[in-house]
Amino acid sequence: MLNKFLGIPELASEHGEMIDHMLEVVHWFMAVLFVGWTLFFLYVLFRFQWRKNPKASHEGITSHFSTHLEVGVVIVEVVLLLGFAFPLWANRVDSFPTGPDVAKVRAVGEQFRWTFHYTGPDGKFGRVDPDLISLDNLVGLDREDPNAKDDFLTINKLTLPVHRKAIVQVTSKDVIHGLAPVKLRIQQDAIPGMEIPMWFTPNKITDGDIICAQLCGIGHAQMYASFEIIDGAEYDKWVVQQSPVKEEAPPLASAGQ
Ligand SMILES: [Cu+2]
């Protein structure tokens, strides 16, 4: 209810309901804290006003009420973090799904766009090497590698099949970016030199925005991509169509654009 009031975007992944539930709990908790501490603050303003207490007391308040209250708040926060947030995230980055049905994509961030690297029909990524990166080879794919033959790239557009598990491996070519397809309720920072996988299951045929969640430079606001969740059979057809790479990469977005 509070989520709706705050305008949360449509939900399009299986685990997202738990994320939304936690968001709802956190928002209610923050609302209670906000109102509670405001009332306490106003009470203190009047209770200890100068007119009623012309002489400052060096003893101060003797009641431990506020200390107990603060300990209570800390306990609730620890429960939220250790009981909800950590297990939720652990599910996304532990025990990765395997099998031919799993859609695998590498998301490569750079100033200021996302390149998505697909395995192609073989389900295997070709070897990548930073030394091979050029304007014609955005992810440094080694075309000599047999696994690379059917790999293909898309720019600023992530396509995934509905109701099938997807692993997205997030990395960056320059600075820290953050891959945030908000409707899928998942997000991962892209760290240069690291490839960080996360997995989820899209459960709705829809499309949505992918924003860069880290302030990554002067063109950060233009670092916009989108995702599309399509029917599984359609996805398989699309993968075959796209493979191997035929399209040319658009010119690098410059900072001034
Ligand atoms: Cu960015």
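Residues numbered from 1 in each chain as written. Predicted model: local features only at pLDDT ≥ 70, side-chain atom pairs only at ≥ 80, totals over all residues. Heavy atoms only, no water.

J.: What's the story with the sheet that holds strand E3 (residues 152-155) in this structure? I'm lost.
T.: Remark on secondary structure: sheet strands pair via backbone hydrogen bonds, oriented parallel or antiparallel. The strand order across the open sheet built from 5 strands is E3-E2-E1-E5-E8, with neighbouring strands paired in mixed fashion. Either end of the sheet is taken by a strand with one partner, and the two such strands are E3 and strand E8 (196-200). Across the sheet, the mean angle separating the axes of adjacent strands is 25 degrees when strand polarity is ignored. Judged from the 4 bridges that link them, strand E2 (residues 113-118) and E3 form a sheet pairing that is antiparallel. Pairing of Tyr118 across the sheet is with Phe152, part of E3. (Pairing = 2+ DSSP bridges. Helix = DSSP H or I, 4+ residues; strand = E, 2+ residues; numbered from the N terminus. Axes fitted to C-alpha atoms, helices over the stretch in contact; angles between N-to-C directions.)

J.: Explain the coordination of the copper ion to me, please; I cannot follow it from the model alone.
T.: Geometrically, a metal with four donors at the corners of a regular tetrahedron has ideal angles of 109.5 degrees, and one with six donors at the corners of a regular octahedron has ideal angles of 90 or 180 degrees. Coordination of the copper ion by the protein is provided by His177 (ND1), Cys212 (SG), Cys216 (SG) and Met223 (SD), with metal-donor distances spanning 2.1 to 2.5 Å. What the 4 donor atoms of the copper ion show is an angle range of 92 to 122 degrees at the metal, which sorts the shape as tetrahedral. Coordination of the copper ion draws on donor residues from a single chain, spaced H-x34-C-x3-C-x6-M in sequence. Placement of His177 in strand E6 (residues 177-181) and of Cys216 in the loop between strand E9 (207-212) and strand E10 (225-230) is noted, with a sequence separation of 39 residues between them. Take His177 and Cys216: they sit in the same class, and that class is buried. (Donors = N, O, S within 2.8 Å, 3.2 Å for Na, K, Ca; no water. Tetrahedral: all angles 85-135°; square planar, octahedral: opposite > 155°, others 65-115°. Buried < 20%, exposed > 50% of the residue type's maximum accessible area, 1.4 Å probe, protein only.)

J.: Is there a simple way to explain the confidence of the model for the protein chain in this structure?
T.: Here the protein chain averages 89 in pLDDT, and 95% of its residues register 70 or above. Considering each helix and strand of the protein chain separately, the mean pLDDT is smallest for helix H1 (residues 2-5), with a value of 84, and largest for strand E4 (residues 157-161), with 97. Scored below 50 in pLDDT, residues 246-257 shows 16 contacts in the model against residues more than four places distant or in partner chains. (pLDDT = per-residue confidence, 0-100. Contact = heavy atoms within 4.5 Å.)

J.: Explanation requested: the packing of aromatic side chains in the structure shown.
T.: Where two aromatic rings form a pair, the distance of their centres and the angle of their planes describe that pair. What the rule picks out here adds up to 5 aromatic pairs. Ring geometry for Trp37 against Phe40: centres 5.8 Å apart, planes inclined by 75 degrees, an arrangement best described as edge-to-face. Of this pair, Trp37 and Phe40 both sit in helix H2 (residues 16-47), 3 residues apart, roughly one helical turn. A relative accessible area of 32% places Phe40 in the partly exposed class. When the centroid spacing of 5.2 Å and the interplanar angle of 75 degrees are considered together, the rings of Tyr118 and Trp238 count as edge-to-face. Taken together, the residues span a long stretch of sequence, with Tyr118 in strand E2 and Trp238 in helix H4 (residues 232-242) at a distance of 120 residues. Grouping residues by exposure puts Tyr118 and Trp238 together as buried. One aromatic cluster is present, built from ring pairs that chain together Tyr118, Phe152, Tyr235 and Trp238. Here the guanidinium or amino end of Arg92 rests over the ring plane of Trp199, the centre of that ring lying 4.5 Å away. (Phe/Tyr/Trp six-rings, centres within 6.5 Å; stacked < 30°, edge-to-face > 60°. Lys NZ or Arg CZ within 6 Å of the ring centre and 35° of its normal.)

J.: Would you mind going over the side chain of His15 with me for this structure?
T.: As for its position among the elements, His15 is in the loop between H1 and H2. Not counting chain neighbours up to four residues away, the residues in contact with His15 comprise Arg92, Leu184, Arg185, Ile186 and Phe200.

J.: I keep staring at the pairing of E8 and nothing clicks. Help me out?
T.: With respect to burial, E8 is a largely interior element, 4 of its 5 residues being buried. Bridge analysis of strand E5 (residues 166-172) against E8 gives 5 bridges, and the strand direction is antiparallel. The partner of Val168 across the bridge, within E8, is Met198.

J.: Help me understand the sheet that holds strand E7 (residues 188-190) in this model?
T.: With mixed pairing, 5 strands are arranged side by side in an open sheet as E4-E10-E9-E6-E7. Both edges of this open sheet fall to E4 and E7, since each of them pairs with a single strand only. Sheet twist, expressed as the average angle between the axes of neighbouring strands with direction ignored, equals 25 degrees. Both E9 and E10 contribute to a ladder of 4 bridges, which runs antiparallel. What sits directly across from Gly208, in E10, is Phe227. Most of the contacts of H4 go to E4, to which it runs at about 130 degrees, and overall it touches E4 and E10.

J.: Help me out: how do you make sense of the domain arrangement of the protein chain in this one?
T.: Under the domain assignment used here, the protein chain contains domain 1 (2-93) and domain 2 (103-242). On the domain 2 side, the residues contacting the 15 residues of domain 1 number 16 residues. Between domain 1 and domain 2, the buried area comes to about 1400 Å², and carbon and sulfur atoms account for 48% of it. Its largest share of buried area at the contact with domain 2, domain 1 owes to Glu10, Ala12 and Arg92, together 42% of the area lost on that side. In this structure, the connection of domain 1 to domain 2 is made through 3 salt bridges. For Glu10, the salt bridge is made with Lys204, and the minimal N-O distance between the two is 3.4 Å. The tally of links from domain 1 across to domain 2 stands at 15 residue pairs in polar contact (both at pLDDT 80 or more). (Domains from an automatic or database assignment. Buried area = accessible area lost by both parts, 1.4 Å probe. Salt bridge = Lys/Arg side-chain N within 4 Å of Asp/Glu carboxyl O. Polar contact = N/O pair within 3.5 Å; in protein donor to acceptor, adjacent residues only side chain to side chain.)

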